[in-house]
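One letter stands for each residue in the lines below.
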Amino acid sequence: MHKSIILTYMFINRTHELAILNQHSRSISSGSRINIALFGLRRIGKTELLLQFKNTTHDNNILIPYINLQKIIPDIEGFVKAYSKELIYETIRQKEQADYPYEMEDLLILASKLGDMETHHVRTLISILKQHEIATEELLELTFAFAQKLAEKHDKKIIFMLDEFQELLQVHSRFLQVMRSITEKQKDVNYWISGSVFSVFNEMLNYKNPFFGQFTRMTLENFDKESTYELIDSTLPFKPAQNHKDKIYKFTNGQPYYTVAVCRKISEQYALDSSINTPQVNFCIMNEIFADTGSINEHFEYILDVSLAKFKNKDRYKTILFLLSQDPATLAAIARHIKKPTGEISNYLKALLRTDLIFRKDSTYHIRDPLFAFWVNNKYLGLGTEITSGKAAEHLLANLEEKYHKVSTELGIAKEFEIKYKLEALYNIKLEKYLKDNIEFDLVGTDGNTAYIFEIKWRNKKTSYKDIDNLIQKINSSEFRTQKKQVIFISRSGYTKSALEFAGQHEVKLLNRHMEKVTIQDS
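These notes cover the structure that comes with them. (Residues numbered from 1 in each chain as written. Predicted model: local features only at pLDDT ≥ 70, side-chain atom pairs only at ≥ 80, totals over all residues. Heavy atoms only, no water.)

**Focus: unusual backbone geometry**
The bulk of non-glycine residues show a negative phi, and the bulk of peptide bonds are trans.
Moving on, step 1. Of note in the backbone geometry, Glu-164 takes a positive phi value of approximately 60° without being a glycine.
Moving on, step 2. Positionally, Glu-164 belongs in the loop between β4 (157-163) and α8 (175-183).
Moving on, step 3. Although it is not a glycine, Asn-428 sits at a positive phi angle of roughly 55°. (Helix = DSSP H or I, 4+ residues; strand = E, 2+ residues; numbered from the N terminus.)

Dropping the structure here:
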C-alpha cells in the first residue's frame, strides 16, 4: 500500500470538524467574515480535512484556493506565484475545465480569459519578478490586494487555505505585518490556515503578534477508541480479533497515521499467511517502527531531518533527544550529563522547543510523542533493521507499553496546553495552572469578580459523579469557596447519567471534547 493511499484512509470520523467548517462557510456565503486557525500535529489529518471540505463544497458563491506551503519554494517569488495561480485557476474552474498553470505564461493565458484586471495583474507580477531588486513588501501588498479585487469583480467570497502556515515565517521578516495590514480591510476574503509546529503557530497568533484575535482556533486530535476501531475495520481486508484491535489502539493511542501504517503491515502479513495471531501483530508493529521501509520509521526520520535541518552541530541535538527519550529531564540534569554549561544547553533546548519535538512543563523537558521517543531511544542504540525475532518484537512492545504508561501524565499535560488556548478564546479570559496550599486545579482565570475553575479529564472513560464531587470538595477547601465562581468540567469521553444529574444539582457546567455544552438531555 503506497503512502499516498494511507493518507486517503485517514479521513474518517471527522464529521464534527467538517460540520463546523461547513457552518462557517455558510456564514461566509451570507456575508460574515471568518478566519480559522487549524492546529494538529504532523500526520493527524489537517490536510485531509481541509481538502475534504474543499472537494465536497459546491457553492458557486465561494472560491476555495488551497496552497500547501511546504510544497512551494519558500521565498517571496514562490509564494506570490502560487497565490495568484490558485486564485485565477479556481475562478476559471467554476466556469470551465482548465489545466493547472504551472508556468507564468500559462497563467497569463488563463487570466486573459477572465478579463483585463486579471491580465494586468499577471503582467505586472511577471514584470516585477524580472527585476534584479524586488520591493518585496510592495509585491506582497499587490498580491494580497488582488484577492479582494477578484472577489468584487466576480461577486464571490473567498476562503483561501494556507496549509502549514508557519512556513511563511521564512518568506519575509515582516510577512505577518504586511498580510495583516491588507487583509484586515478585505470584506470578502477569508483565510483558513493550518499549522503543525504548535509552539511557532501559537506564537504567531498570540497577543504580541499582528494576527492576535483575528482567528477562530480549531484543534485536530487523535481518534477515540470507537473511531480507531472503525478506521481499523475499514483498512484491514479481514475482520480482526477484538484483542488485536485493542492492541493496535493501545499502541497508536488513536493516532490515525500510525493506525493505518500498522494495519498496512498486518495486511501484508495476512496476504502471506492467510491468518494473523498475536505474535504476528506484535511483529508487524515493531517492524513498522524500525524497518527501513516502515512508514512510521520513514515518518520519524523525516521529522528528525526536517526539524534539525537548519541547526549546526546536529549530533548535540540528537544527544539531548536521546537523553529525553529515556526520561524527562531538567536543564541542569541535561547540562550535567553532556558536561556543557547550562547557558549553552539552554540555547539548544530553546531551538528544540520551536520544532515541537519537545515541550516544557515547569522546569522539566519532555519529548511530545512517546512513540517518537521510543524510536529515538532504540535508533540511538543501533536498532535500525528488520525485527527478525518474534520474541524480540514482544520484548520491544512490552518496553513501549511501559513507556506509554510512564508518559500518560505528560500526554495529559500536553493536551491541557492545547485546550488552554481553546478555552481562553471561548471565555475571553487568561487561564493559568493553579497550585496553592496543596490544592491544584487544571486551569483558573478571573473576569472581574468571577473566578473560572476548569477540570479536564482526557481519558477513555466516562466521567462519574465522584469525579465532579472531588472537584467540588477541592473548591470548598480552597480560597474560592466564598468567591463568585463558574465551575466548568471538560471530559473527553462523556459523562455517566449520575454525573450529569449531580452536575446539574451543583451548577457545574459540563463540556465535551469539542468544548460544547452537555446537559442531562444528552444522556
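**Some remarks on a negative patch on the surface**
Moving on, step 1. A contiguous patch of negative charge on the surface is contributed by Asp-99, Glu-103, Glu-105 and Asp-106.
Moving on, step 2. Tracing the sequence through the fold places Asp-106 in helix α5 (residues 104-114). (Patch = residues over 30% accessible without salt bridge, like charges linked within 9 Å, V, L, I, M, F, W, Y side chains within 5 Å. Areas by Shrake-Rupley, 256 points an atom, 1.4 Å probe, with all protein chains shown as cover. Salt bridge = Lys/Arg side-chain N within 4 Å of Asp/Glu carboxyl O. Lys, Arg positive; Asp, Glu negative; His and termini not counted. Charge placed at Lys NZ, Arg CZ, Asp CG, Glu CD.)

**Concerning the packing of aromatic side chains**
Within a pair of aromatic rings, the relevant descriptors are the distance that separates the centres and the angle that separates the planes.
Moving on, step 1. All chains considered together, the criterion is met by 27 aromatic pairs.
Moving on, step 2. Summarising the aromatic geometry, the rings of Phe-489 and Tyr-495 are spaced 6.2 Å apart at their centres and angled 70° between planes, so their arrangement reads as edge-to-face. Each of the two residues, Phe-489 as well as Tyr-495, counts as buried.
Moving on, step 3. Across the ring face of Tyr-257, the terminal group of Arg-43 is positioned such that the distance to the ring centre comes to 4.7 Å.
Moving on, step 4. If you follow Lys-245 out to its NZ or CZ, it ends over the ring of Tyr-229, 5.2 Å from the centre. (Phe/Tyr/Trp six-rings, centres within 6.5 Å; stacked < 30°, edge-to-face > 60°. Buried < 20%, exposed > 50% of the residue type's maximum accessible area, 1.4 Å probe, protein only. Lys NZ or Arg CZ within 6 Å of the ring centre and 35° of its normal.)

**Quick notes on the environment of Leu-139**
Moving on, step 1. With respect to the element layout, Leu-139 can be found in helix α7 (residues 136-154).
Moving on, step 2. Taking the C-alpha atoms as reference points, Leu-139 and Glu-77, 62 residues apart in sequence, are found 9.0 Å from one another.

**A few points about the packing of helix α4 (residues 76-93) against helix α6 (residues 116-129)**
Moving on, step 1. Close contact between α4 and α6 brings their axes to 12 Å; oriented N to C, the two are set at 165°. Considering their axes alone, α4 and α6 lie roughly antiparallel with respect to each other. Handedness of the α4/α6 crossing: left-handed. For the pair formed by α4 and α6, the contact residues are Glu-77, Val-80, Lys-81, Ser-84 and Ile-88 on the first element and His-121, Val-122, Leu-125 and Leu-129 on the second.
Moving on, step 2. A per-class count over the contact of α4 with α6 returns five nonpolar, two polar and two charged. (Axes fitted to C-alpha atoms, helices over the stretch in contact; angles between N-to-C directions. Parallel < 35°, antiparallel > 145°, perpendicular 65-115°, else oblique. Left-handed = near helix turned anticlockwise from the far one by under 90°. Contact = heavy atoms within 4.5 Å. Nonpolar A, V, L, I, M, F, W, Y, C, P; charged D, E, K, R; others polar.)

**A short note on the pattern of salt bridges**
Moving on, step 1. A complete count under the given rule lists 26 salt bridges for this structure.
Moving on, step 2. With a shortest N-O distance of 2.9 Å, Lys-54 and Glu-90 are connected by a salt bridge. A residue pair is termed long-range when its members are at least 10 positions apart, and Lys-54 in helix α3 (residues 46-56) and Glu-90 in helix α4 qualify at 36 residues.
Moving on, step 3. With a relative accessible area of 8%, Glu-90 lands in the buried category.
Moving on, step 4. Among the ionic pairs, Glu-118 bridges to Lys-153, the shortest N-O distance being 2.8 Å. In this pair, Glu-118 sits in helix α6 while Lys-153 sits in helix α7, placing the two residues 35 residues apart along the sequence.
Moving on, step 5. Its relative accessible area of 40% is what places Lys-153 among the partly exposed residues.
Moving on, step 6. Overlapping salt bridges, with partners in common, bring together Glu-221, Asp-224, Lys-422 and Arg-513 in one network.

**Focus: the sheet that holds strand β8 (residues 358-361)**
Moving on, step 1. Pairing in this open sheet of three strands is antiparallel, and the strands run β7-β9-β8 from one edge to the other. Strands at the two margins of the open sheet, each flanked by one partner only, are β7 (329-330) and β8.
Moving on, step 2. As paired elements, β8 and strand β9 (residues 364-367) share four bridges and run antiparallel to each other. Bridged to Arg-360 within β9 is Tyr-365.
Moving on, step 3. Against the sheet, helix α15 (residues 314-326) contacts β7, β8 and β9, and its axis sits at roughly 90° relative to β9. (Pairing = 2+ DSSP bridges.)

**With respect to the nonpolar core**
In a soluble, globular protein the nonpolar side chains are often hidden away together inside.
Moving on, step 1. Phe-79, Leu-162, Phe-165 and Tyr-191 are the most contacted members of the largest nonpolar core, which has 55 residues in total.
Moving on, step 2. Here this core gets nine residues from one element, more than from any other, and that element is α4.
Moving on, step 3. If near-sequence neighbours (up to four positions away) are discounted, Tyr-191 is found in contact with Asn-35, Ile-36, Tyr-83, Phe-144, Phe-160, Leu-162, Met-179, Thr-183, Gln-186 and Phe-215.
Moving on, step 4. Ranked by size, the runner-up nonpolar core spans 54 residues in total, among them Ile-232, Leu-236, Phe-238 and Val-281. (Core = buried A, V, L, I, M, F, W, Y, C linked by side-chain atoms within 4.5 Å.)

**As for the sheet that holds strand β11 (residues 439-447)**
Moving on, step 1. Read from one edge to the other, the open sheet built from six strands follows the order β10-β11-β12-β13-β14-β15, with strand pairing classed as mixed. In this open sheet, the two edge strands, each paired with only one partner strand, are β10 (432-436) and β15 (517-518).
Moving on, step 2. Where strand β13 (residues 484-491) and strand β14 (residues 508-511) come together, four bridges link them in parallel fashion. Directly across from Val-487, in β14, lies its bridge partner Val-508.
Moving on, step 3. Along the sheet, helix α21 (residues 465-476) makes contact with β11, β12 (450-457), β13 and β14, crossing β13 at roughly 150°.

**Section: the side chain of Ser-84**
Moving on, step 1. Mapping Ser-84 onto the fold places it in helix α4.
Moving on, step 2. Assessed through its relative accessible area of 0%, Ser-84 is described here as buried.
Moving on, step 3. In terms of polar contacts, Ser-84 uses its side chain to reach the side chain of His-121, at 2.9 Å.
Moving on, step 4. Setting aside its immediate chain neighbours within four residues, Ser-84 contacts Leu-107, His-121, Leu-125 and Phe-146. (Polar contact = N/O pair within 3.5 Å; in protein donor to acceptor, adjacent residues only side chain to side chain.)

**Regarding helix α22 (residues 497-505)**
Moving on, step 1. Listing the buried residues of α22 in full gives Ala-499, Leu-500, Phe-502 and Ala-503. Take α22 and look down its axis: the buried residues cluster within an arc of 165°, on one side only. Residues of α22 that are exposed and angled more than 90 degrees away from the buried face: Lys-497, Gly-504 and Gln-505.
Moving on, step 2. Buried residues along α22 sit against α21, β14 and β15.
Moving on, step 3. Glu-507 sits one or two positions beyond α22 and adopts a positive phi of about 55°. (Arc of directions from axis to C-beta.)

Nothing here speaks to function; it is geometry throughout.
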